Amino acid sequence: MRKFLVLLSAAVLSLIPIAANAAGNDLGVAVQVLVGGQDSSKDVNQNNKLWFVIEPGSSGSRTIMVASTSNVDQRVELSIGAQKETNGVLAYDQDGQTKASDWASFSKNNFILKANKSTEITMTLKVPKDAAIEVLKPALLVQAKAAKTSNAQYKIPTAMRFIQGMFLGVGTADAFATKFTIDDVYGLTTSQGREIYIKFSNTGGTPIALEGDLQLSSQTFAGQNFGPFAFSTATILPGTSGLTSIPADAAVSEDNFRILIRAQMGEVEVSREFIKDLSFPVPSPWQGILLNVAIILAAGALGVFALRALRKPSEKRTRKKFNTNNIVLLFLIYTFKSLRKKVLNR
């Protein structure tokens, strides 16, 4: 019984979003990862992300630009730290440790960045030959403090730090191949107007951030074509799905279309054609309200049942009653998982 309650509590908590804390308030530097780099992959390094695939015994590198946005000189220090995942959300772990910190080196570190100036730094990760094949998710930490000066008016009372998540696949390019699918396309009317949504699934071993375009050809009126409309996606992690939206052109009416979608990540390009009706329905506000009411009612019923289940069993309780409690708990767990899935897919 207690095992079921633990699982049930986890299901309830998984519905509560966790927000990551901001790295700092008063920014003194801007950090940018330059496009391109060297590692064992063919695809994940052709962007401005800190994504690496490195074979044991090899190394990979990225170039980082650090620019001052302050009127005073600052001391800048770079390091690699750990991240901690809570309910699917990664956040910097102040007390955590990662192997990547021992593998990292910087062409310049612990230096004075002059006011309103910038500099480029090469970050290199050298993976030992005996390193295990695994996925690491460290983070780049850039810290800036005011350089010491005898003039008090130029002192900054607070430090600043910048954090950017990283992906490090230790293994071969084949083991961490870039793969994804184009799953669906549909229209929707939102507060931003009419939008065309495209759904993707990351079926490979590395994160993806796709770029591509969409074209529409009417199946009703010959020669009526729209696009191409360019799009890009946010980061989609391995084993997950993601959506991107494109504002629908004012001339695009509800019709049956041939829809051609092309998406690319590095050297990997995927195309898919859909023949379907494209409409732009307005989501009913009652859908969200009823879903929230269902969650509240289920949580209330669950709380009452959990309190009853935690009471000391009486001698009159029968095995049949115990089995009934188990069935109810399993049903409630299934209900919460279903509700959670609906919430995440809204």
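Located above this text is the structure these notes cover.
Just so we're clear, the structure is a prediction, and the values are computed from it rather than from any experiment.

So, how was this worked out
- Residues numbered from 1 in each chain as written.
- Predicted model: local features only at pLDDT ≥ 70, side-chain atom pairs only at ≥ 80, totals over all residues.
- Heavy atoms only, no water.
- Helix = DSSP H or I, 4+ residues; strand = E, 2+ residues; numbered from the N terminus.
- Buried < 20%, exposed > 50% of the residue type's maximum accessible area, 1.4 Å probe, protein only.
- Areas by Shrake-Rupley, 256 points an atom, 1.4 Å probe, with all protein chains shown as cover.
- Pairing = 2+ DSSP bridges.
- Core = buried A, V, L, I, M, F, W, Y, C linked by side-chain atoms within 4.5 Å.
- Contact = heavy atoms within 4.5 Å.
- Axes fitted to C-alpha atoms, helices over the stretch in contact; angles between N-to-C directions.
- Salt bridge = Lys/Arg side-chain N within 4 Å of Asp/Glu carboxyl O.

Draft legend 1. Main features of the overall build of the protein chain. Summing up its helical and strand segments, the protein chain has four helices and 19 strands in all. For the protein chain, the residues scored as buried account for 36% of the 346 residues in total. Counting only carbon and sulfur atoms, one obtains 52% of the accessible surface of the protein chain, whose full area is about 20,300 Å².

Draft legend 2. Representation of the pairing of strand E13 (residues 180-190) within the structure. Sheet analysis places E13 next to strand E14 (residues 193-202), joined by 10 bridges and oriented antiparallel. Its bridge partner being in E14, Phe180 is matched across the sheet by Asn202. Linking two consecutive strands that pair antiparallel, namely E13 and E14, is a turn of two residues.

Draft legend 3. Layout of the pairing of E14. For E14, the buried fraction is high: seven of the 10 residues fall into the buried class. As defined by bridge partners, E14 adjoins strand E17 (residues 241-247) across seven bridges and the pair is classed as antiparallel. Along E17, the bridge assignment pairs Tyr197 with Ser245.

Draft legend 4. Representation of the nonpolar core within the structure. Of all hydrophobic cores here, the largest spans 31 residues; its most connected members are Ile198, Leu214, Leu216 and Ile261. At the level of elements, strand E2 (51-54), E13, E14, strand E15 (211-218), strand E16 (225-232), strand E18 (255-265) and strand E19 (268-278) are the ones that each hand at least two residues to this core. The element that contributes the greatest number of residues to this core is E18, accounting for five residues. If sequence neighbours within four positions are ignored, Leu214 has contacts with Val185, Ile196, Ile198, Gly227, Pro228, Phe229, Phe231, Ile246, Ile259, Leu260 and Ile261. Ranked by size, the runner-up nonpolar core spans 30 residues in total, among them Ile80, Phe106, Ile121 and Leu140.

Draft legend 5. Spatial organisation of unusual backbone geometry. Each neighbour pair has its own omega, and for Gly227 with Pro228 the value is 10°, a cis peptide bond. Locating Pro228 in the fold gives a position in strand E16. One non-glycine residue, Asn110, lies in the positive phi region at around 50°. Along the chain, the position of Asn110 falls in the loop between strand E6 (104-106) and strand E7 (111-113). Positive phi, normally seen in glycine, also occurs at Asn116, with a value near 60°.

Draft legend 6. Looking closely at the sheet that holds strand E8 (residues 118-126). The antiparallel open sheet is built from four strands, whose spatial order is E1-E3-E8-E6. Only two strands of the sheet have a single neighbouring strand rather than two, namely strand E1 (29-38) and E6. Taking the axes of each pair of neighbouring strands and ignoring which way they run, one obtains an average angle of 25° across the sheet. In this structure, E1 lies alongside strand E3 (residues 59-68), joined through seven bridges in antiparallel fashion. Considered in E3, the bridge of Gln38 is made with Ser61.

Draft legend 7. Representation of the pattern of salt bridges within the structure. Applying the stated rule across the entire model yields five salt bridges. Taking the shortest distance from any N to any O, the salt bridge between Lys99 and Glu134 comes out at 2.7 Å. One end of the pair, Lys99, is in the loop between strand E5 (89-93) and helix H2 (100-103); the other, Glu134, is in strand E9 (residues 134-136), and 35 residues separate them in sequence. Close ionic contact of Glu273 with Arg258 constitutes a salt bridge, the shortest N to O distance being 2.8 Å. Of this pair, Glu273 sits in strand E19 while Arg258 sits in strand E18, and the two are 15 residues apart along the sequence. Taking the relative accessible area as the measure of exposure, Glu273 reaches 42% and is therefore partly exposed.

Purely geometric stuff here, so don't read any function into it on its own.
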